[in-house]
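Residues per chain are reported as follows:
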Amino acid sequence: MLTISFSRYPVTIFFCVTLFSSNISYAEQVVVYSSRIEKLIKPMFDAFTKNTGIQVKFVTDKAGVLIARLKAEGKNTHADMLITTDAGNLWLAAREGLLEPIESETLEANIPAYLRDPQKQWFGLSVRARTIVYNTHKVKPADLSTYEDLANLKWMGRLCLRTSKKVYNQSLVAMMIAEHGETRSEQVVRGWVANLATDPLSNDTKAMEFVAAGKCDVTIVNSYYYGRLIKKNPSLPLAIFWPNQAGSGVHVNISGAGITKNARNKHAAIMLLEFLSSKKAQNLFADVNMEYPANPKIKPDSAVIAWGSFKQNQMNVVAAGELQTEAVKLMDRAGYR
Ligand code: FE
């Protein structure tokens, strides 16, 4: 419950606010459950509050924990919005009946169809490109072409990968299944495993550090991790390569949001969601983590633009959820740990 008590004359203040800004409702607030960490969401929430007067309260935790919490709380939940850092978890929340379809011309105009749920239960707010990073001393860009090519013999003992337990790789493989089918996808994943220089690594940054140290030559990571690492250590012999440009494009995932089924502040939550898709918030949302705006009318941060433009795979990211179980099983069969 939002309490405003900054004066001995609360009635007068309320009167002034109502008089001069009819759009503002101080009674409204939005409660957000977010697996996107505080420093990557708070700037947008602050901007929203500044624009509308509506307060945003939030809780951050792992997506699995937040989804379980929403389920357990049921009708008693205080959460109006769920934010996650990938489509798979939003898809899961929708499948569990935790999200509400939203009709919004603003969201449909701002967010391309492939970055939102066809059932309108969630919307992508930033694009995360999963791409190839290579050691510039050991690999020429001309040696690289596709994710699938990294399964070929020429990469034997030269590949580092993050663990298959992370949803990012599950989504990558799920999208591959959607595109190529299971048989071809399994061949590719088996090829990757055969080419590994080391056991799968715990995170994207570690995988790039191995590449930089010459323990392997190439890896697959989200581009913002590359951005963070290079910002810290610009002399690392690492570069980004955009794969599959002659074919379907770079695998992209989203950080996105949906409104909860039992939202108490649905109106304000929709306002927040629409605000997050707008020009003002899109730059904040993407730039704070060196991601790509989901709204194609907005340019990324200049540091991100410097990595070059590329074609995104425009297959709907919903496949990352729908085929996640198949992807996990396939990676397990292929020995990708
Ligand atoms: Fe991440």
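What counts and how
Residues numbered from 1 in each chain as written. Predicted model: local features only at pLDDT ≥ 70, side-chain atom pairs only at ≥ 80, totals over all residues. Heavy atoms only, no water. Helix = DSSP H or I, 4+ residues; strand = E, 2+ residues; numbered from the N terminus. Buried < 20%, exposed > 50% of the residue type's maximum accessible area, 1.4 Å probe, protein only. 1 Å grid on protein atoms, 1.4 Å probe; cavity = no way out; pocket = protein on both sides within 12 Å on 5 of 7 lines; lining within 4 Å. Points joined across faces, edges and corners; volume = space filled by probe spheres on them. Nonpolar A, V, L, I, M, F, W, Y, C, P; charged D, E, K, R; others polar. Arc of directions from axis to C-beta. Contact = heavy atoms within 4.5 Å. Domains from an automatic or database assignment. Buried area = accessible area lost by both parts, 1.4 Å probe. Salt bridge = Lys/Arg side-chain N within 4 Å of Asp/Glu carboxyl O. Polar contact = N/O pair within 3.5 Å; in protein donor to acceptor, adjacent residues only side chain to side chain. Pairing = 2+ DSSP bridges. Right-handed = clockwise from strand over helix to strand, strands pointing away.

J.: Which residues make up unusual backbone geometry, and what values do they have?
T.: The phi dihedral of Lys120 falls on the positive side, at around 65°, and the residue is not glycine. The residue Lys120 is located in the loop between helix H5 (105–110) and strand E5 (123–135) in this model. One non-glycine residue, Asn244, lies in positive phi territory at about 60°. Assignment of secondary structure puts Asn244 in the loop between strand E8 (238–241) and strand E9 (251–260). Residue class for Asn244 comes out buried when judged on its relative accessible area of 6%.

J.: Requested: an account of empty space enclosed by the protein, with residues and values cited.
T.: Taken as a whole, this structure holds 1 cavity of 30 Å³ or more when the rule is applied. Taken as a whole, the largest cavity spans an internal volume of roughly 90 Å³. Taken together, Tyr147, Glu148, Leu172, Met175, Met176, Glu179, Asn244, Ser248, Gly249, His251 and Asn313 make up the full set of residues lining the largest cavity. When residues of the lining of the largest cavity are assigned to their parent elements, the largest contribution, 4 residues, is made by helix H6 (residues 167–180). Split into classes, the residues belonging to the lining of the largest cavity amount to 4 nonpolar, 5 polar and 2 charged.

J.: Outline helix H3 (residues 63–73), listing residues and values.
T.: Ala63, Leu66, Ile67 and Leu70 are the residues of H3 that are buried. All buried residues of H3 lie within an arc of 100° about the axis, which places them on one face of the element. In this structure, the buried residues of H3 make contact with strand E1 (29–34), strand E2 (55–60), strand E3 (81–84), helix H4 (87–95) and E9. Backbone geometry just downstream of H3 places Gly74 in the positive-phi region, at approximately 50°.

J.: Explain the domain arrangement of the protein chain to me, and be specific about the residues and the numbers.
T.: Quite often, the size of an interface is put as the accessible area lost when its parts meet. When cut into domains, the protein chain gives domain 1 (6–127 + 254–299) and domain 2 (129–251 + 317–333). Its C-alpha centre places domain 1 at a distance of 31 Å from the equivalent point of domain 2. When the two sides are added together, the surface that domain 1 and domain 2 hide from each other amounts to roughly 1,200 Å², 65% of it contributed by carbon and sulfur. The interface formed by domain 1 and domain 2 holds 0 salt bridges in total. Put simply, domain 1 and domain 2 have 2 residue pairs in polar contact (both at pLDDT 80 or more) between them. When residues in the side of domain 1 that touches domain 2 are grouped by element, the largest group, 3 residues, is from H4. Residues of the side of domain 1 that touches domain 2, tallied by class, amount to 10 nonpolar, 3 polar and 3 charged.

J.: Lay out the pairing of E2 with the relevant residues and their values.
T.: Bridge count for E1 against E2 is 6 bridges, and the pairing is parallel. Residue pairing in the sheet places Val32 in a bridge with Phe58 of E2. Chirality of the crossover, the property in question, places the unit of E1, helix H2 (residues 42–52) and E2 among those that are right-handed.

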